[in-house]
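Here's the letter readout for the chains.
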Amino acid sequence: MAFQVVRPHTGVAPLLVADGVSLEYGATRATHDVSFNVYRGDRFVLLGPSGCGKSSLLKAAAGFIKPAAGGISIDGRRIDGPGPDRIVVFQEFDQLPPWKTVKENVMFPLLMTKRLNRHHAEERAMHWIAKVGLGGFENAHPHTLSGGMKQRVAIARALAMQPEILLMDEPFAALDALTRRNMQEELGRLWEELRFTLLFVTHSIEEALVVGNRILLLSPHPGQVRAELNSHQFGLDSAGGADFQAATQRIHGLLFGDPAQGHSAAAVDAAPAAAGAHIERSRVS
Amino acid sequence: MSLVLDPPVRQEYVHVTNTAAPRAVDIPLPLARRAWEQAWLRKIFILVVLAVVWEGLARWQNNDLLLPGFVQTAQAFASGVASGELLDRVRISLAVLLQGYAAGIVAAFVLTALAASTRIGRDLLETLTSMFNPLPAIALLPLALLWFGLGKGSLIFVIVHAVLWPLALGAYGGFQSVPETLRMAGRNYGLSGLRLVLHILVPAALPSILSGLKIGWAFAWRTLIAAELVFGTTGGQGGLGWYIFQNRNELYTDKVFAGLAAVILIGLLVENVVFRPLESVTVKRWGMQR
């Protein structure tokens, strides 16, 4: 497939710059020399099978991991630790302190960073809880909520902080397929309204195409950049279309072997299990 | 007819679902069943059965010196309370106990907070707990008497020893089982060091901390009563253990039982009035413990 020809943009500086990032866990190298730029308003997706270091890259952007080589900077400032300008939404439900109600959870970072006083934090929390469709559940404790609702709380908590960039680490991976689709739709709607900057990690090709406007493909062991593609033309409604299918096949080809060989069964088998399930789905759909 | 199972093709249908689905009607249970659902009633039932068995055994033995019955013990207890002697002893014991318990909690918190935030603190806690946790507090009493003399100082010393290690071990275990995601969420908001401990680790580890507090409380009681039995009193200010010891010497066995009953009652009271409500407004409400 031919590459799209895009005129080089001028005058806009990237918000987040990853420059030759290599991450290591002891002796194993998680990513090797990964570079990418995220611009303001981007929905930038890191996509790849398990073992490609996409989650590690996100954790490095959040400041939880220090790169062995290279570095990540935001707005020209080097990232050397976690900070409230980059709020993370994790996959795991236990990111919400169980001893806090929905409202207290959303207020928590606002109060901890001393950004707002209690009264204003409460006001803002109520606003964002309503925004993610959880009005009426302010005083519920997390263990009484469903998985999808817990992720909504985490998203409300992150957006209430109005971070420079929102980091999402497979936020919908632990949800059932119906809820996941719902949440993708919701996230799209929130983005349409607010135009925040998003760095999104996923192992699902469909999710990457639907959520993102720009996709960084990573190949595994160690994670290396395979390609960077545009996906701004796709939304949830394009999921069944021929273009969408073609894009899915193309990404699949890029990730699992030579496009010339096509996508043989062997390539799918070789794919790690987590990614394999999605690949199978994209093949048959 | 084919041998292959061929399910029939059926008519499709679509319903409009009722938003207000009918709820199950609550059928009131009979009174006896409802009463049996109450945990405190079941527990009182157990206590009554035990008291009856005890009274029966005592009547059968018919020896006041060896085994006074429930009624006799209750009388001794009531007269002890009425004369104020028993309550005085309880007050003295509790005052010492609470001081030692509070000091033990503070020491345990400092140790675990250090262990949670620094590596050398962790090594320190692991080494100290493995050294001192198996050491019975009462075995330190001779040493304590040597250092602090007869009196409150020695008692508090052994109580702190009894509370500190199990509580520190429990709290530290709780800290270690706090999910990594929750820690990262806390650090994401700029929390670190003592603030991370106070805002994330302590509440997240509360189930373990509460059970450590309970174990610490029980250990403190045992240690205190045992220590009072060993060296008793200073200046006529003996506590409950001393009361038990003194009455045994004078062969007032019913008063010995009354003293033991006081220990047990305080234990029950603290469990049901302090720890259980504390659990139900915290860890149970938060869904962290069933």
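Residues numbered from 1 in each chain as written. Chains lettered and ligands numbered in written order. Predicted model: local features only at pLDDT ≥ 70, side-chain atom pairs only at ≥ 80, totals over all residues. Heavy atoms only, no water.

This part is about the overall build of chain A. Of the regular secondary structure elements, chain A holds nine helices and ten strands. In the structure as shown, chain A presents an accessible area of about 12,500 Å², 51% of it carried by carbon and sulfur atoms. (Helix = DSSP H or I, 4+ residues; strand = E, 2+ residues; numbered from the N terminus. Areas by Shrake-Rupley, 256 points an atom, 1.4 Å probe, with all protein chains shown as cover.)

What follows is about the packing of helix α2 (residues 102–112) of chain A against helix α3 (residues 118–131) of chain A. All names here are of chain A. One way to put it is that α2 packs onto α3 with a least axis distance of 9 Å and a crossing angle of 125 degrees. Relative to α3, the element α2 is oriented oblique. Here α2 and α3 pass one another in a crossing that is right-handed. Facing Val102, Lys103, Val106, Met107, Leu110 and Leu111 of α2, the residues of α3 in contact are Arg118, Ala121, Glu122, Arg124, Ala125, Met126 and Ile129. Among the residues making up the contact of α2 with α3, the classes are represented as nine nonpolar, no polar and four charged. (Axes fitted to C-alpha atoms, helices over the stretch in contact; angles between N-to-C directions. Parallel < 35°, antiparallel > 145°, perpendicular 65-115°, else oblique. Left-handed = near helix turned anticlockwise from the far one by under 90°. Contact = heavy atoms within 4.5 Å. Nonpolar A, V, L, I, M, F, W, Y, C, P; charged D, E, K, R; others polar.)

It is worth spelling out the packing of aromatic side chains at this point. Under the defined criterion, the tally for this structure stands at 14 aromatic pairs over all chains. Look at A:Phe64 and A:Phe90: their rings are 6.4 Å apart centre to centre, the planes differ by 35 degrees, and that puts the pair in the tilted class. Of this pair, A:Phe64 sits in the loop between α1 (54–62) and β4 (69–74) while A:Phe90 is found in the loop between β6 (86–89) and α2, placing the two residues 26 residues apart along the sequence. Here A:Phe64 and A:Phe90 have matching classes, each one buried. Geometrically, the ring pair formed by A:Phe108 and B:Tyr189 is edge-to-face, given 5.9 Å between the ring centres and 85 degrees between the ring planes. Here B:Tyr189 lies in the loop between α8 (180–188) and α9 (193–204) and A:Phe108 lies in helix α2, a pairing that spans two chains. Under the relative-accessibility criterion, A:Phe108 is labelled buried at 3%. The rings of B:Trp54, B:Phe70 and B:Phe257 are connected pair by pair, giving a single aromatic cluster. (Phe/Tyr/Trp six-rings, centres within 6.5 Å; stacked < 30°, edge-to-face > 60°. Buried < 20%, exposed > 50% of the residue type's maximum accessible area, 1.4 Å probe, protein only.)

A word on unusual backbone geometry. Of note, the amide linkage connecting A:His221 to A:Pro222 takes the cis form, showing an omega dihedral of -15 degrees. Along the chain, A:Pro222 turns up in the loop between β9 (214–219) and β10 (224–230). With a phi angle near 55 degrees, A:Lys114 is a residue other than glycine that sits in the positive phi range. Tracing the sequence through the fold places A:Lys114 in the loop between α2 and α3. Of note, the phi angle at B:Leu251 is positive, near 60 degrees, even though the residue is not glycine. As for its position among the elements, B:Leu251 is in the loop between α11 (240–249) and α12 (253–281). Take B:Leu251: its relative accessible area is 52%, and that puts it in the exposed class.

This part takes up the sheet that holds β10(A). Residue and element names in this part refer to chain A. Sheet architecture is open: six strands sit in the order β6-β7-β8-β3-β9-β10, paired in mixed fashion. Looking at strand neighbours, the two that pair on one side only are β6 and β10, the edges of this open sheet. Pairwise comparison of adjacent strand axes, ignoring direction, gives a mean angle of 20 degrees for this sheet. In terms of strand pairing, β6 meets strand β7 (residues 165–169) through four bridges, oriented parallel. Across the sheet, residue Val89 finds its bridge partner in β7, namely Met168. (Pairing = 2+ DSSP bridges.)

Residue and element names in this part refer to chain A. Mean pLDDT over chain A stands at 80; residues scoring 70 or higher make up 86%. Element-level pLDDT for chain A is lowest in helix α8 (residues 265–270), with a mean of 39, against a maximum mean of 91 in strand β8 (residues 198–202). Within the model, pLDDT remains below 50 along residues 259–285, and this stretch shows 31 contacts once partners closer than five positions in the same chain are excluded. (pLDDT = per-residue confidence, 0-100.)

Attention now moves to the confidence of the model for chain B. All names here are of chain B. When the pLDDT values of chain B are averaged, the result is 86; 96% of them are 70 or greater. Across chain B, element-level confidence peaks in helix α5 (residues 119–132) with a mean pLDDT of 91 and bottoms out in helix α1 (residues 31–36) with 83. Taken over the whole predicted complex, pTM reads 0.76, whereas the ipTM for its chain interfaces reads 0.78.

Let's shift gears to the sheet that holds β4(A). Residue and element names in this part refer to chain A. Read from one edge to the other, the open sheet built from four strands follows the order β2-β1-β4-β5, with strand pairing classed as antiparallel. Both edges of this open sheet fall to β2 (28–38) and β5 (77–78), since each of them pairs with a single strand only. Inspection of the sheet shows strand β1 (residues 16–25) paired to β2 by seven bridges, in the antiparallel sense. Counterpart to Ala18 in the pairing with β2 is Phe36.

It is common to report an interface's size as the accessible area lost on association of the parts. Of the residues lining the interface, 18 residues belong to chain B; the matching set on chain A comes to 24 residues. On inspection of chain B and its partner chain A, the count reaches zero salt bridges. Summed over the shared surface of chain B and chain A, the result is seven residue pairs in polar contact (both at pLDDT 80 or more). Counting residues per element, the ones that place at least two in the side of chain B that touches chain A are α8 and α9 of chain B. (Salt bridge = Lys/Arg side-chain N within 4 Å of Asp/Glu carboxyl O. Polar contact = N/O pair within 3.5 Å; in protein donor to acceptor, adjacent residues only side chain to side chain.)

All names here are of chain B. At their nearest, the axes of helix α4 (residues 85–117) and α9 sit 12 Å apart, and the two run at 100 degrees to each other. By the angle between their axes, α4 is roughly perpendicular relative to α9. Across the interface between the two elements, Phe109, Ala113 and Ala116 of α4 pack against Val197, Leu198, Leu201 and Val202 of α9. Residues of the contact of α4 with α9, tallied by class, amount to seven nonpolar, no polar and no charged.

The next thing to look at is the pattern of salt bridges. Applying the stated criterion across every chain, the model contains 19 salt bridges over all chains. Put simply, A:Glu164 and A:Arg40 hold a salt bridge, and the shortest N to O gap is 3.2 Å. Here the residue A:Glu164 occupies a position in the loop between α4 (147–160) and β7, and A:Arg40 occupies one in the loop between β2 and β3 (43–47), the gap between them amounting to 124 residues. With a relative accessible area of 28%, A:Glu164 lands in the partly exposed category. A:Arg40 sits in the exposed class, given a relative accessible area of 53%. Where A:Lys54 meets A:Glu170, a salt bridge forms, and the shortest distance between an N and an O atom there is 3.8 Å. With A:Lys54 in helix α1 and A:Glu170 in the loop between β7 and α5 (177–194), this residue pair connects regions lying 116 residues apart in the sequence. Side by side, A:Lys54 and A:Glu170 carry an identical accessibility label, which is buried. It is possible to trace a salt-bridge network through shared partners that takes in B:Lys214, B:Glu271, B:Arg276, B:Glu279 and B:Lys284.

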